[in-house]
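Here is what each chain is made of, one letter per residue.
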Amino acid sequence: MDHKKIILDENEIPKKWYNVNADLPSMIDPPLHPGTKEPITPDDLKAIFPMELIKQEASTDKYVKIPEEIMDIYKIWRPSPLIRADRLEKALKTPAKIYYKWEGVSPAGSHKPNTAIPQAYYNMKEGVERIATETGAGQWGSAISFGTAFFDMECTVYMVRASYDQKPYRKSLMQAWGAECIPSPSTRTEAGKKILKMHPNTGGSLGAAISEAVEDAAKHDNTNYSLGSVLNHVCLHQTIIGLETIEQFKKIDTYPDTVIGCVGGGSNFAGMAFPFARDKLDGSHPDVDIIGAEPMACPTLTKGLYEYDYGDAVGLVPILKMFTLGHDFMPPSIHAGGLRYHGDSPLVCKLVHDGFIRAVAYHQTEVLKSALLFGRTEGHIIAPESSHALHCAIQEALKCKETGEEKTIVFNNSGHGNFDLAAYDAYFDGSLVDYEYPEELIKQSLKQLPMKNI
Amino acid sequence: MKIGVILNPIAGMGGAVGLKGTDGDALERAIEMGASPRSPARIRNTFLRFFGKDIPSFSIFSCSGRMGGDILKEMGIPYTEIYVQDGSTSAQDTKQACISLLSENVDLILFCGGDGTARDIYSIVGDRIPMLGIPAGVKMYSSVFSISPNAAADVLASFLRGDCSLREAEIMDIDEDKYRVGILDRKLFGQATTPFLPNQVQAAKCAYFSESEQKSKESIARFASEFMGDGSIYILGVGSTTKAIADLIGIEKTLLGIDIVHNGALLKADANEGDIVSLLEGGARIKIIVSPLGAQGFIFGRGNHQISPKVLNRVGRDNIIVVGTPQKLQNTPNLFVDTGDSELDSVLAGHLSVVCGYRLAARKSVLTC
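Analysis parameters
Residues numbered from 1 in each chain as written. Chains lettered and ligands numbered in written order. Predicted model: local features only at pLDDT ≥ 70, side-chain atom pairs only at ≥ 80, totals over all residues. Axes fitted to C-alpha atoms, helices over the stretch in contact; angles between N-to-C directions. Helix = DSSP H or I, 4+ residues; strand = E, 2+ residues; numbered from the N terminus. Parallel < 35°, antiparallel > 145°, perpendicular 65-115°, else oblique. Left-handed = near helix turned anticlockwise from the far one by under 90°. Contact = placed C-beta atoms within 7 Å. Nonpolar A, V, L, I, M, F, W, Y, C, P; charged D, E, K, R; others polar. Buried ≥ 20, exposed ≤ 12 C-beta atoms within 10 Å, placed from the backbone. Pairing = 2+ DSSP bridges. Domains from an automatic or database assignment. Core = buried A, V, L, I, M, F, W, Y, C linked by C-beta atoms within 7 Å. Expected span 1.5 Å × (residues − 1).

This brings us to the packing of helix α3 (residues 39–50) of chain B against helix α7 (residues 149–161) of chain B. Residues and elements named next belong to chain B. Look at α3 against α7: their axes get within 8 Å of each other, and the N-to-C directions meet at 45°. Considering the angle they form, α3 stands oblique to α7. In terms of crossing hand, the pair formed by α3 and α7 is right-handed. Contact residues: R42, N45, T46, R49 and F50 in α3; P149, N150, A152, A153, L156 and A157 in α7. A breakdown of the residues in the contact of α3 with α7 according to their chemical character gives six nonpolar, three polar and two charged.

Given below as structure tokens:
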């Protein structure tokens, strides 16, 4: 083995993000307005998003230039290393070569700042002084707090009450970057007050926190709303991951056979997968196998239906064409909190639906077992979300052991697990529950229900 | 807070000498065979751990002599005597002590014994106040027992601090006389309440799952009411989770029995094996909904003998739907089957998807005994 790490120079960071929307063989179905059910117009989004992000959302330009101001901040942790997991390979006794793109090096500890920085930047450029957003487990809240800090913006994060109480260090991180972190539901908004009146002791929900953040943004002229995954512009910003990876593989004259990421809302997966999907779509690497790994507890891509559904639990945000388990599906509380979303990025879904990307689903116990193997061979204790991608890479490497193939496998290792040690504790004491989606019973029940028109 | 303490001094004595319990005249035989008391040591362990903890003030109410007083005095633990027991103890002593504890308005009864003791206490207190068992008996099928004397101390301390919740727990027992001659006849006597200490690690990450057990049952019931509209005949097994389903579809559930439901209407209440078999012989499409029973999480073979091997073989594994709240599933790492038909048991064993919420299931291992 030549190198453990493949590292780009700062001036080799790709200068543009890649927009897969430009290369799709057929048009993506447009998002619909939740009120009118008509395709959304830029005007519909103006109240809560800056114009530049709205343009990116609908853009079919193949590349979007990364502004210098963003690049300067990216350089704090980018380019991120591509690392050969040779000790893991040895432990598995596989002829496959396993690489991981390590996004845990960012200040917030995950890939999320790749979009938090541009989102804060474009808002700042258009005179927005403050961002309101929600966070479930705290990853996105931390990243956007970090992002806004660099542009002297204010930031208010509505954090699901139960997480706020149970994960005090995420809140501390946000405060350290100057953001205000409020447990949701709060008395700050009408939505919050209404919920508190009905359920004074509620632990909150992501749906409630979204309602509060959107209301906050709509009420304050100086404030915009910001979302950390799912949307096209978020996936666009994340493509820096895959673009760097391709450059890193060029350094060792390699192109991977298998590309893997974990899928929740889809942005870190898109970030890794879309640049490789580009090469598959244009025929330059038609055989690259691109795999999204998701939890069995919330198996959107593997068991969901491809249809229009609300993007949030309460029907406030646009209706999107995607694989969905239904907007009223409440995913169980697995440790990979970042993968608990009933739908997925419409771009990711389109590529899965059209057969360019495939998806697999795993139980959390087997995933944590793989994470421990990784920690004990490669050293990093990684996030339960990222461990789904790792577990998939291990399964693929084990297949190579059977066939004798020397495939090159790369997975996006999207974040460290330093705030997720409770997941490891649960594994140690045997209390992890392997949640599943009872597909047959759900099909049986849906047959009985009148079709819910959106 | 007021805690009632009852010690069954003879619980567990039969186990070591192979007598499978100390009900009836088995105790004398156990003593003849050299059995010695084991429950005093068990409750001592609980108290040793408990009094090392930071706990709010409370008072203890207990019985004289071997039913609590001796060990409390020996350990220097102050208590108020509410029942004087003289000579050899019997089920009647346990019941009388419970009546006295109820009149003192105790908040919880901590007892040390086995299924028989649990049953005697339940027969007086029902689900009016929670009970918590320190395991000391031979038979331990009821769900009111902690997994160990130390665990009982932790749950009790948590109860006193007010940071644990209550859950329903089945009181189960077998007929010892029949058991000794090889007949396993297990019965579900009722639903008590017991303090429940959710696993702290898991709870710390459960940002979205803070609902109560009752809410979980309602979620399961909502899902069941949707998929039960498929035209099949449904056998609703024993327990409060299946009762929640019945409540939602508007039929009266036999709590300790099984009921047959079709298209939202009750076909037969408190059905027996024959009722189900005759439906099957008539060609009916039947599905079975059961929930795990008892401390070990039995899905068949404990408390629901009406759903016999004959029934199960004809209905088939694919038509069995197991439901259970996450709170309950957390306490039962594996589920068990013990139908009496080992071939059938091995067919039922393996991984099973247990419905534990609205459109939600958990994968559990099903083991044979």
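To continue, consider the pairing of strand β5 (residues 97–102) of chain A. Residues and elements named next belong to chain A. For β5, a buried count of six out of six residues is recorded, marking the element as mostly surrounded by other parts of the structure. Burial along β5 is two-sided: the residues K97, Y99 and K101 and I98, Y100 and W102 are all buried. Relative to β5, strand β4 (residues 82–84) runs antiparallel, the two sharing three bridges. In the sheet register, R84 faces β5, and the bridge partner there is Y99.

It is worth spelling out the interface of chain A and chain B at this point. Contacts between the two partners involve 34 residues from chain A and, on the opposite side, 28 residues from chain B. Elements supplying a minimum of two residues to the side of chain A that touches chain B: α7 (161–166), α18 (421–428), β16 (434–436) and α19 (439–448) of chain A. The biggest single contributor to the side of chain A that touches chain B is α19(A), with five residues. Looking at the side of chain A that touches chain B residue by residue, the class counts come to 16 nonpolar, 14 polar and four charged. Across three bridges, the pairing between β16(A) and strand β16 (residues 360–368) of chain B is antiparallel.

Quick look at the domain arrangement of chain B now. All names here are of chain B. Looking at chain B, the domain boundaries give domain 1 (2–197) and domain 2 (213–368). On the side of domain 2, eleven residues touch domain 1, which itself brings 15 residues to the contact. Contributing elements (two or more residues each) for the side of domain 1 that touches domain 2: β6 (165–174) and β7 (186–196). Here the side of domain 1 that touches domain 2 is composed, by residue class, of six nonpolar, four polar and five charged.

A few words now on the sheet that holds strand β8 (residues 180–184) of chain A. Residue and element names in this part refer to chain A. Strand order in the open sheet formed by four strands is β8-β7-β6-β9, with parallel pairing between adjacent strands. The open sheet is flanked by β8 and β9 (223–225), the only strands paired with a single partner. Direction aside, neighbouring strands of the sheet carry axes that sit 25° apart on average. As paired elements, strand β7 (residues 154–160) and β8 share five bridges and run parallel to each other. Among the inter-strand pairings, Y158 is bridged to a residue of β8, identified as I182.

Moving on to the nonpolar core. The biggest cluster of nonpolar side chains holds 188 residues, and the ones touching the most others in it are A273(A), A393(A), I109(B), L156(B), I289(B) and V355(B). Counting 43 residues, the second largest nonpolar core, distinct from the first, contains I48(A), I73(A), Y158(A) and A162(A).

Turning next to the sheet that holds strand β11 (residues 286–290) of chain B. Residues and elements named next belong to chain B. One open sheet holds the five strands; their spatial order is β10-β9-β8-β11-β13, and the pairing between them is mixed. Strands with a single pairing partner mark the edges of an open sheet, and in this sheet they are β10 (265–271) and β13 (320–322). Sheet twist, expressed as the average angle between the axes of neighbouring strands with direction ignored, equals 20°. Pairing of β11 with β13, which is carried by three bridges, proceeds in the parallel orientation. Of the residues in β13, the one forming a bridge with I289 is I321.

Attention now goes to the domain arrangement of chain A. Residues and elements named next belong to chain A. In terms of domain boundaries, chain A breaks down into domain 1 (5–15 + 65–108 + 233–440) and domain 2 (113–227). Taking only C-alpha atoms, the centre of domain 1 and the centre of domain 2 are 25 Å apart. The interface is formed by 22 residues belonging to domain 1 together with 23 residues belonging to domain 2. Those elements giving two or more residues to the side of domain 1 that touches domain 2 turn out to be α3 (68–74), α11 (232–238), α12 (240–251) and α13 (267–281). The biggest single contributor to the side of domain 1 that touches domain 2 is α3, with four residues. A per-class count over the side of domain 1 that touches domain 2 returns 13 nonpolar, seven polar and two charged.

What follows covers the packing of α12(A) against α13(A). Residues and elements named next belong to chain A. The interhelical angle for the contact between α12 and α13, taken along N-to-C directions, is 55°, at an axis separation of 6 Å. With respect to each other, α12 and α13 are oriented oblique. The crossing of α12 and α13 is right-handed. Contacts between α12 and α13 pair I240, I241, G242, L243, T245 and I246 from the former with G271, M272, A273, F274, P275 and F276 from the latter. In the contact of α12 with α13, the residues fall into nine nonpolar, three polar and no charged.

Let's shift gears to the environment of K407(A). All names here are of chain A. Considering the arrangement of structural elements, one finds K407 in the loop between α17 (384–403) and β15 (408–413). Along the primary structure K407 and K251 are separated by 156 residues, whereas in three dimensions their C-alpha atoms are 18 Å apart. Filtering out sequence-adjacent residues up to four positions away, K407 remains in contact with A96, D257, T258 and C400.

This paragraph deals with α17(A). Residue and element names in this part refer to chain A. The end-to-end C-alpha distance of α17 is 29 Å, a good match for the 28 Å that 20 residues give at a rise of 1.5 Å each. Taken across its 20 residues, α17 has 14 buried, putting it largely inside the fold. G404 lies just past α17 and shows a positive phi near 80°.

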